[in-house]
Amino acid sequence: MCLGIPGQIVSITDAGRQMGMAEVSGVRREVSLAPVADRPLEALVGEWVLIHVGFAMAVIDEHEAQETLIALRELGEAQEALEQMAEGDRALAGEGTA
């Protein structure tokens, strides 16, 4: 399964290499725009894209980007809760063997 993270293209960093700067939850990272370069690169500035391993894989609308970011945050919170529960189970199991 591939996980794409929504990011907004904020600038073109190297047009010759089709590279741009994307902002993902306040963090900026250079990404390849080649997979979505079906228009002039400057037209991608301000667009939301799904980013996977340094490549902008698809252009998405802002609503879809925001919904995906919310879901990813919720998944992160759920994972954190599951890890805390597992730690509690391990601690309880350790108490019973003493």
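Summarised in this report is the structure supplied together with it. Residue numbers restart at each chain and count upward from 1, following the sequence in its written direction. Whole-chain, interface and lining totals are the exception, using all residues; otherwise, since this is a predicted model, local features are given only for residues with pLDDT of at least 70 and side-chain atom pairs are given and counted only at 80 or more. To obtain the side-chain values, all non-hydrogen atoms of the structure were used and water was disregarded.

## Side note on the pattern of salt bridges
Stated precisely, the cut-off is as follows: Take a side-chain nitrogen of Lys or Arg and a carboxyl oxygen of Asp or Glu: if they are within 4 Å of each other, that pair is a salt bridge.
Scanning all chains against the criterion turns up four salt bridges. In this structure, the salt-bridge partner of Arg-28 is Glu-23, at a minimum N-O distance of 3.1 Å. Several salt bridges share partner residues, and in doing so they unite Asp-38, Arg-39 and Glu-47 into one network.

## Things to note about a nonpolar patch on the surface
Applicable threshold: For patches, a residue must show more than 30% relative accessible area and have no salt bridge; joins then use 9 Å for like charges and 5 Å for nonpolar side chains, namely Val, Leu, Ile, Met, Phe, Trp and Tyr. For the accessible areas, the method is Shrake-Rupley and the probe is 1.4 Å, while residue cover comes only from the protein chains on display. The helix count covers DSSP runs of H or I at least four residues long, the strand count covers runs of E at least two residues long, and both are numbered beginning at the N terminus. Only protein chains enter the area calculation, which uses a 1.4 Å probe; residues under 20% of their type maximum are buried, those over 50% are exposed, and those in between are partly exposed.
A cluster of nonpolar side chains, contributed by Val-53, Phe-55 and Met-57, occupies part of the molecular surface with about 300 Å² of accessible area. Mapped onto the elements, Phe-55 comes out in strand S5 (residues 55-60). What makes Phe-55 partly exposed here is its relative accessible area of 37%.

## A look at the nonpolar core
The cut-off we apply is this: Throughout this description, the term nonpolar core refers to a set of buried Ala, Val, Leu, Ile, Met, Phe, Trp, Tyr and Cys residues connected via side-chain atoms within 4.5 Å. Should any heavy atoms of two residues lie within 4.5 Å, those residues are counted as being in contact.
Residues Ile-9, Ala-22, Val-31, Leu-33, Val-36, Leu-41, Leu-44, Val-49, Ile-51 and Ala-56 constitute the largest nonpolar core, which totals 10 residues. When neighbours within four sequence positions are excluded, Ala-56 is seen to be in contact with Ser-32, Leu-33, Pro-35, Val-36, Val-49, Leu-50 and Ile-51.

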